[in-house]
Amino acid sequence: MSIDKKTIGIVGARGHTGAELIRLIATHPALELGFVSSRELDGQRVAEHVDGYAGELRYANLDPAAVAAQGADVVVLALPNGKAAPYVEAIDAAKPETLILDLSADYRFNERWYYGLPELTRGKWRGERRISNPGCYATAIQLSIAPLKDVLAAPPVSFGVSGYSGAGTTPSDKNNPEKLRDNLMPYSLTGHTHEQEASRHLGLPVEFMPHVAPHFRGLTVTTNLYLVRPMKREEILQRFRHAYDGEKLVKVVDEAPWVSQIAHRHHAEVGGFAVSVDGKRVVIVATLDNLLKGAATQAIQNINRAIGVDEYTSIPLEG
Ligand SMILES: NC(=O)C1=CN([C@@H]2O[C@H](COP(=O)(O)OP(=O)(O)OC[C@H]3O[C@@H](n4cnc5c(N)ncnc54)[C@H](OP(=O)(O)O)[C@@H]3O)[C@@H](O)[C@H]2O)C=CC1
Ligand SMILES: CC(=O)N[C@@H](CCC(=O)OP(=O)(O)O)C(=O)O
């Protein structure tokens, strides 16, 4: 029996996350890539830029009206922050039933959009056709804190270190390999969007200090949590094992995970669980590939659920 495929288009397909999405869609049994938009690569064959894609599709430079005119069933917006609204408005006007998934921060604070971090918000989806995909650090922060929300004595403090693919392709100090060589670059040390995002969706204040490092992909978030009562490591570990029991894309591990081992993999790892002598402080370490569980893989999880197929369709799973 052949599956009735949905057409999907990507706006901002030249970028790092766009390329990962193209790879995941190429092997998807229920999605067919209808268009990929890029101004810079207009007219060029996708197969020349993305390994893992062998079709004939070419990039096209599509403005919001042209994107809406494609009439795709699903549209992914993979644009820099602040650019999504004209595309959403054009699709709202032309074909409002379109499933729109936005990878940027633009709708993460909008009540009308479903915030899709499946392991934590799956139960809140009410059939929305507008999905906001979480930020990469914000995903790691929330996965590290959620199972201990009810026993926190103070705002958690998260120290983040990302590979420079997190800074996108628009040239800046944060994706300049020369400036990053032998370096660790702190930035947005208070008030980063992901600090606000994680605080809002966890429902408690989080303090976050991001840094960018010379590696290309993968991030580490190390979180310090003060507890209202002394807890044993085993009790904390049990909470995490219970919270993520059966989750295929969140692995609870004993040791603190290493970022070098998470690149190109689709899941997040949460581990460490170093408890202080008095039992009232625990440090938790999370890693994920910012382009996968931090972006494209999470987007595919959300799209799969919204089109009614198994959440993990086309996502390579490890044992
Ligand atoms: N990189 C990451 O780790 C993560 C990224 N995100 C979010 O996903 C989104 C995409 O990120 P990423 O792939 O890294 O970004 P990139 O900078 O790599 O790509 C941005 C894309 O947008 C297009 N673009 C840029 N400016 C405009 C514009 N003014 N109008 C139309 N198109 C434009 C570019 O193509 P062209 O210039 O050819 O048109 C390019 O395809 C961002 O919002 C980012 O915050 C979320 C989680 C993780
Ligand atoms: C290293 C680096 O610059 N990382 C990006 C975060 C990744 C990202 O793209 O997040 P949003 O989707 O919320 O924009 C940053 O700090 O802005």
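The numbering scheme is per chain: residues are counted from 1 as the chain's sequence reads. Ligands are numbered from 1 and chains lettered from A, in the order in which they are written. Given that the model is predicted, a residue must reach a pLDDT of at least 70 before its local features are reported, and side-chain atom pairs must reach 80 or more before they are shown or counted; all residues, however, enter totals for whole chains, interfaces and linings. Hydrogens and water molecules were not included; the side-chain quantities draw on all heavy atoms of the structure.

Peer 1: Any chance you could explain the site of ligand 1 here in plain terms?
Peer 2: Around ligand 1 sit 27 residues in total, of which Arg 14, Thr 17, Ser 38, Leu 79 and Asn 290 are the nearest. With respect to ligand 1, the side chain of Arg 14 contributes an N or O atom lying 2.8 Å from an oxygen atom. Counting of polar contacts relies on pairs of N or O atoms within 3.5 Å, with two restrictions inside protein: one atom must be capable of donating a hydrogen and the other of accepting it, and residues adjacent in sequence are counted only when both atoms are side-chain atoms. The contact in question runs from a nitrogen atom of ligand 1 to an N or O atom on the backbone of Ser 165, over 3.1 Å. The accessible surface values rely on the Shrake-Rupley method and a 1.4 Å probe; as for residues, cover is taken only from the protein chains in view. Calculation on ligand 1 without its partners gives an accessible area of 890 Å², and the protein chains cover 88% of this total. Those elements giving two or more residues to the shell around ligand 1 turn out to be α1 (16–26) and α9 (292–307). In this count, Pro and Cys sit with the nonpolar residues alongside Ala, Val, Leu, Ile, Met, Phe, Trp and Tyr, while Asp, Glu, Lys and Arg are called charged and the others, Gly among them, polar. Among the residues forming the shell around ligand 1, the class breakdown is nine nonpolar, 14 polar and four charged. Note that domain bounds follow an automatic or database assignment of domains. Of the residues that make up the shell around ligand 1, three or more belong to each of domain 1 (6–134 + 294–307) and domain 2 (136–289). One heavy atom within 4 Å of a molecule or strand is enough for the residue carrying it to be called near that molecule or strand. Labels follow the DSSP assignment, with helices taken as runs of H or I lasting at least four residues and strands as runs of E lasting at least two, numbered in each case from the N terminus.

Peer 1: Just to check I follow, could you spell out the site of ligand 2 for this structure?
Peer 2: In the vicinity of ligand 2, 14 residues are found, and the nearest of them are Arg 108, Lys 174, Tyr 187, His 192 and His 194. Residue His 192 places a side-chain N or O atom 2.7 Å away from an oxygen atom belonging to ligand 2. Considering ligand 2 on its own, with 430 Å² of exposed area, one finds that the protein chains cover 82% of that surface. Shared between two domains, the shell around ligand 2 takes at least three residues from each, and those domains are domain 1 (6–134 + 294–307) and domain 2 (136–289).

Peer 1: So what exactly am I meant to see when it comes to helix α5 (residues 136–145) here?
Peer 2: Two residues of an α-helix separated by three or four positions point the same way, owing to the 3.6 residues in each turn. Most of α5 is tucked away, with ten of its ten residues classed as buried. Working definition: with a 1.4 Å probe on protein chains only, accessible area under 20% of the residue-type maximum means buried, over 50% means exposed, and in between means partly exposed. When α5 is considered as a whole, its buried residues turn out to be Cys 136, Tyr 137, Ala 138, Thr 139, Ala 140, Ile 141, Gln 142, Leu 143, Ser 144 and Ile 145.

Peer 1: What exactly am I supposed to notice about the UniProt feature "domain: Semialdehyde dehydrogenase NAD-binding" (unreviewed entry) in the protein here?
Peer 2: In the numbering adopted here, UniProt assigns the feature "domain: Semialdehyde dehydrogenase NAD-binding" (unreviewed entry) to residues 7–128. Along residues 7–128, the helical share is 25% and the strand share 20%, with 18 Å between the first and last C-alpha atoms. UniProt positions are given in the numbering used here, feature names are shortened, and annotations may be inferred rather than shown by experiment.

Peer 1: Where do I start with the UniProt feature "active site" (unreviewed entry) in the protein in this structure?
Peer 2: As annotated by UniProt and renumbered to match this structure, "active site" (unreviewed entry) occupies Cys 136. Assignment of secondary structure puts Cys 136 in helix α5. Each residue touching Cys 136, except ones within four places of it in the same chain, is listed here: His 194, Leu 219, Leu 288, Asn 290 and Gly 294. Residue contacts are counted whenever heavy atoms from the two residues lie within 4.5 Å of one another.

Peer 1: I'm lost on the packing of α1 against α9 in this one. Help?
Peer 2: The axes of two packed helices give the description: the angle between them and the distance between them. The angle between two axes is taken between their N-to-C directions and runs from 0 to 180 degrees, where each axis is a line fitted to C-alpha atoms and a helix contributes only its stretch in contact. The interhelical angle for the contact between α1 and α9, taken along N-to-C directions, is 40°, at an axis separation of 9 Å. Compared by their axis directions, α1 and α9 come out oblique. The hand of the α1/α9 crossing is right-handed. Packed against α1, whose contacting residues are Thr 17, Glu 20, Leu 21, Leu 24 and Ile 25, the element α9 presents Leu 292, Ala 295, Ala 296, Thr 297, Ala 299 and Ile 300 at the interface. Across the contact of α1 with α9, the residue classes tally to eight nonpolar, two polar and one charged. Under this scheme an angle from 65 to 115 degrees is roughly perpendicular, one under 35 degrees roughly parallel, and one over 145 degrees roughly antiparallel; angles in between are oblique. Put simply, a crossing is left-handed when the front helix is turned counterclockwise from the back one by less than a right angle, and right-handed when it is turned clockwise.

Peer 1: It is not clear to me how the pairing of strand β10 (residues 207–212) should be interpreted in this structure. Could you clarify?
Peer 2: Where a strand is regular, its side chains alternate between the two sheet faces. By definition, two strands form a pair when at least two bridges between them are found by DSSP. One ladder, built from six bridges, connects strand β8 (residues 157–162) with β10; its direction is parallel. When the sheet's bridge partners are listed, Val 157 is paired in β10 with Glu 207. In this structure, strand β9 (residues 185–186) lies alongside β10, joined through two bridges in antiparallel fashion. Among the inter-strand pairings, Met 185 is bridged to a residue of β10, identified as Val 212.

Peer 1: Help me understand the sheet that holds strand β4 (residues 74–77), please; the structure alone is not making it clear to me.
Peer 2: Strand pairing in a sheet relies on backbone hydrogen bonds. The paired strands run either parallel or antiparallel. Pairing is parallel in the open sheet, where seven strands are placed in the order β3-β2-β1-β4-β5-β7-β6. Two strands in the sheet have a free side with no partner beyond their single neighbour: β3 (59–60) and β6 (114–115). Inspection of the sheet shows β6 paired to strand β7 (residues 130–132) by two bridges, in the parallel sense. Counterpart to Tyr 115 in the pairing with β7 is Ser 132. The strands touched by helix α3 (residues 85–94) within the sheet are β1 (6–11), β4, β5 (99–102) and β7, with β4 carrying the most contacts at an inclination of about 165°.

Peer 1: What is the right way to look at the pattern of salt bridges in this model?
Peer 2: Side chains that differ in charge, positive against negative, can pair when their charged atoms come close. A pairing counts as a salt bridge when a side-chain nitrogen of Lys or Arg comes within 4 Å of a carboxyl oxygen of Asp or Glu. Throughout the structure, instances matching the rule amount to 22 salt bridges. Among the salt bridges present, the one from Asp 254 reaches Arg 233, with a minimum N-O distance of 3.0 Å. With Asp 254 in the loop between β12 (250–252) and β13 (268–275) and Arg 233 in helix α8 (residues 233–243), this pair connects stretches of sequence that are 21 residues apart. Through salt bridges that share partners, Glu 20, Arg 23, Asp 51, Arg 217 and Asp 289 make up one connected network.

Peer 1: Which parts of the structure should I look at to understand unusual backbone geometry?
Peer 2: Residues other than glycine predominantly adopt negative phi, and peptide bonds predominantly adopt the trans conformation. For Phe 273, which is not glycine, the phi dihedral falls at a positive 50°. Topologically, Phe 273 is positioned in strand β13. On the basis of relative accessibility, which here comes to 0%, the residue Phe 273 falls in the buried class. Here the phi dihedral of Ser 314 falls at roughly 75°; this positive angle occurs in a residue that is not glycine. Within the secondary structure, Ser 314 is located in the segment after α9.

Peer 1: Mind showing me how you'd approach the confidence of the model for the protein here?
Peer 2: For residues with low pLDDT, the predicted coordinates do not support detailed interpretation. By definition, pLDDT measures how confident the predictor is in each residue, and it falls between 0 and 100. With 99% of its residues at a pLDDT of 70 or more, the protein has an overall mean of 97. We note a pTM of 0.98 for the whole complex and an ipTM of 0.97 for its interfaces.

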